[in-house]
Amino acid sequence: MTTLRPFTCNDMFKFNNVNLDPLTETYGLSFYMQYLAHWPEYFQVAESPSGEIMGYIMGKAEGHGESWHGHVTALTVSPEYRRLGLAATLMAWLEDVSEKKRAYFVDLFVRVSNKVAINMYKRLGYIVYRTVIEYYSGDPDEDAFDMRKALSRDVKKKSVVPLTHPVRPEDVDL
């Protein structure tokens, strides 16, 4: 049985099995600590009965006015636990936290080449809001899709009307 619980500092010593996956964006320890300190309610881990980290989600609340939203900074599931619905469970959990904070929508960025993740997000009700040119650094740099899902506060669904033109990372306002 899988347990969802808040992420703790000790989890940073146990999440390599998840973070070493090539599809997972990783960050420095101080980045994880910043999220844990500022948005602990948005940081959740899925744990196996043996105590192994199966996956986690890390996010935050940001923006102002009708741009107030939940943001998925990282969602990852260890390869051996994929295709069990764990990512969908973690996403639903973050969406619920965002609903309670009266957010208008939830957004996330995903590599345009990550078709599996894009299709999963679409099945969960997310749309491609816009393309962000060269969002991910690399050789070569890679574009990202900014995907969004309207929450109940956005009655008119204004937050999910797609932009018709791509933007650069410096033009992404929070």
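Since we're looking at a predicted model, the values are computed, not measured.

**Considerations on the pattern of salt bridges**
Thinking step 1. What the rule picks out here adds up to 14 salt bridges.
Thinking step 2. When the shortest N-O distance is used, the salt bridge between Asp11 and Arg5 registers 2.6 Å. Both residues of the pair, Asp11 and Arg5, belong to the buried class.
Thinking step 3. Close ionic contact of Lys14 with Asp11 constitutes a salt bridge, the shortest N to O distance being 3.9 Å.
Thinking step 4. For Lys14, a relative accessible area of 38% corresponds to the partly exposed category.
Thinking step 5. In this structure Asp11 comes out as buried when scored by relative accessible area, which is 1%.
Thinking step 6. Residues joined in a network through salt bridges with shared partners are Arg5, Asp11, Lys14 and Glu47.

**Describing the side chain of Thr73**
Thinking step 1. Looking at where Thr73 falls in the secondary structure, it is placed in strand 4 (residues 69–77).
Thinking step 2. In contact with Thr73, other than residues within four places in its own chain, are Tyr27, Phe31, Tyr35, Met58, Gly59 and Lys60.

**Focus on the sheet that holds strand 2 (residues 43–47)**
Adjacent strands of a sheet form backbone hydrogen bonds with each other and so pair up, either parallel or antiparallel.
Thinking step 1. Strand order in the open sheet formed by seven strands is 1-2-3-4-5-7-6, with mixed pairing between adjacent strands. Lying at the two open borders of the sheet, with one neighbouring strand each, are strand 1 (3–6) and strand 6 (127–136). In this sheet, adjacent strand axes meet at a mean angle of 25° when their direction is disregarded.
Thinking step 2. In this structure, strand 1 lies alongside strand 2, joined through four bridges in antiparallel fashion. Its bridge partner being in strand 2, Pro6 is matched across the sheet by Gln44.
Thinking step 3. Along the sheet face, helix 2 (residues 29–38) touches strand 2, strand 3 (53–62) and strand 4 and points at about 65° away from the line of strand 3.
Thinking step 4. Helix 3 (residues 86–100) contacts strand 1, strand 2, strand 3, strand 4, strand 5 (105–111) and strand 7 (142–150) of the sheet and is inclined by roughly 160° relative to strand 4.

**Side note on helix 2**
Thinking step 1. The complete set of buried residues in helix 2 reads Tyr32, Tyr35 and Leu36. Around the axis of helix 2, the buried residues are gathered within 100° of arc, so they sit on the same side. Counted as exposed and oriented over 90 degrees from the buried face of helix 2: Ser30, Ala37 and His38.

Rules of the game
For every chain, the first residue of the written sequence is number 1, and numbering continues from 1 along that sequence. Residue-level local features of this predicted model are given only where pLDDT is at least 70; pairs of side-chain atoms are given and counted only at 80 or more, and the full residue set underlies all totals for whole chains, interfaces and linings. Each side-chain value is derived from all of the structure's non-hydrogen atoms; neither hydrogens nor water enter the calculation. When a carboxyl oxygen of Asp or Glu lies within 4 Å of a side-chain nitrogen of Lys or Arg, that pair is called a salt bridge. A simple rule labels every residue: compare its accessible area, found with a 1.4 Å probe on the protein chains alone, to the largest value its type can have, and call it buried under 20%, exposed over 50%, or partly exposed in between. Helix and strand definitions follow DSSP, with helices as H or I runs of at least four residues and strands as E runs of at least two, each counted in order from the N terminus. The criterion used for residue contact is that any of the two residues' heavy atoms lie within 4.5 Å. For two strands to be treated as a pair, DSSP must find no fewer than two bridges joining them. Whenever a helix is involved, its axis is fitted only over the stretch in contact; in every case the axis is a line through C-alpha atoms, and angles between N-to-C directions fall within 0 to 180 degrees. What the arc covers is the set of directions going from the helix axis to the C-beta atoms.

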